[in-house]
Amino acid sequence: MSKNQQRNLIGTADAIGDDLALAWNHVATLRALQKHAHSNPKLIEVHNHFFFTITKALWDVLLLKLSHCTDTKREAKGFPKFFRQLKKYSPEEATLEETIKKQEKVLQQLSTQEKVKKWGNEIIAHHTNAADGLQFFEDHQVTLDEVEKLVTKHRDILQASTFPLFNLGFKIKDHGPRAHRGVNKLFASLKESPTKQSR
């Protein structure tokens with residue numbers, strides 16, 4: 001593998017890693033909002049439009065970022081391109097070829113990813129007839145637990161190749177604690193605001 005090929009491959013891996021890190025950040029933010037929604041229902045009610053807008057935007061971007069990971073367009077920086085590059089740049093590496101086949105199979109068997117793909121195609125990127133009505137939402141419901149497992153699985157698939165080749169790993173969960181702290185500060189501020197306004 002030439003230096004230029006290494007650079008191209010790492011660039012694709014980094015793009016996937018960035019999408020996963022952003023996805024984890026959004027999951028953590030949604031988790032924190034969910035926690036405060038349960039413990040502060042009156043506060044949510046007062047600012048219901050704001051929280052609806054934020055939650056909807058976070059879910060849309062979260063599902064869109066995850067759908068990028070399996071985007072099959074030739075220039076899209078997802079797993080399909082990453083695997084194509086691996087095969088092209090190291091055609092005679094038997095161990096690597098076995099790893100690629102195994103990880104491709106794992107990726108294809110992720111049921112949550114299929115639901116994410118449907119959301120991306122039918123709701124977020126386009127709004128199709130298939131997405132009209134409650135049936136779509138019932139058939140393709142995605143939970144935060146499922147998304148967390150999916151993001152972690154994607155990271156593992158990515159690192160199965162980048163670790164042995166470049167000793168390269170991805171800390172996708174670093175933004176989680178920051179997201180929680182940020183939401184905690186937001187709710188603390190909202191709780192204080194009525195008192196400040198009454199003075």
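Above this note sits the structure.
### Here we look at a nonpolar patch on the surface
Right, so step 1: Taken together, the side chains of Phe50, Ile54 and Leu186 define a hydrophobic patch exposed on the protein surface, amounting to about 220 Å² of accessible area.
Right, so step 2: Mapped onto the elements of the fold, Phe50 is located in helix α3 (residues 48-68).

### Points about the packing of helix α5 (residues 94-108) against helix α8 (residues 144-166)
Right, so step 1: The N-to-C vectors of α5 and α8 enclose an angle of 175°; their axes lie 10 Å apart at closest approach. With respect to α8, the axis of α5 lies roughly antiparallel. Side by side, α5 and α8 meet where Leu96, Thr99, Gln103, Val106 and Leu107 of the first sit next to Lys153, His154, Ile157, Ala160, Ser161 and Leu165 of the second.
Right, so step 2: For the contact of α5 with α8, the class distribution of residues is six nonpolar, four polar and one charged.

### Section: the pattern of salt bridges
Right, so step 1: Under the definition given, this model contains nine salt bridges.
Right, so step 2: Among the salt bridges present, the one from Lys81 reaches Glu75, with a minimum N-O distance of 3.6 Å.
Right, so step 3: Taking relative accessible area as the criterion, Glu75 reaches 60% and is therefore assigned exposed.
Right, so step 4: Of the charged contacts in the structure, one is a salt bridge between Glu146 and Lys115, with a shortest N-O distance of 3.1 Å. Within this pair, whereas Glu146 is found in helix α8, its partner Lys115 is found in helix α6 (residues 111-124), the two being separated by 31 residues in sequence.
Right, so step 5: The buried category is assigned to Lys115, whose relative accessible area is 16%.
Right, so step 6: One salt-bridge network, in which partners are shared between bridges, spans Arg31, Asp145 and Glu148.

Conventions adopted
- Residues numbered from 1 in each chain as written.
- Predicted model: local features only at pLDDT ≥ 70, side-chain atom pairs only at ≥ 80, totals over all residues.
- Heavy atoms only, no water.
- Patch = residues over 30% accessible without salt bridge, like charges linked within 9 Å, V, L, I, M, F, W, Y side chains within 5 Å.
- Areas by Shrake-Rupley, 256 points an atom, 1.4 Å probe, with all protein chains shown as cover.
- Salt bridge = Lys/Arg side-chain N within 4 Å of Asp/Glu carboxyl O.
- Helix = DSSP H or I, 4+ residues; strand = E, 2+ residues; numbered from the N terminus.
- Axes fitted to C-alpha atoms, helices over the stretch in contact; angles between N-to-C directions.
- Parallel < 35°, antiparallel > 145°, perpendicular 65-115°, else oblique.
- Contact = heavy atoms within 4.5 Å.
- Nonpolar A, V, L, I, M, F, W, Y, C, P; charged D, E, K, R; others polar.
- Buried < 20%, exposed > 50% of the residue type's maximum accessible area, 1.4 Å probe, protein only.

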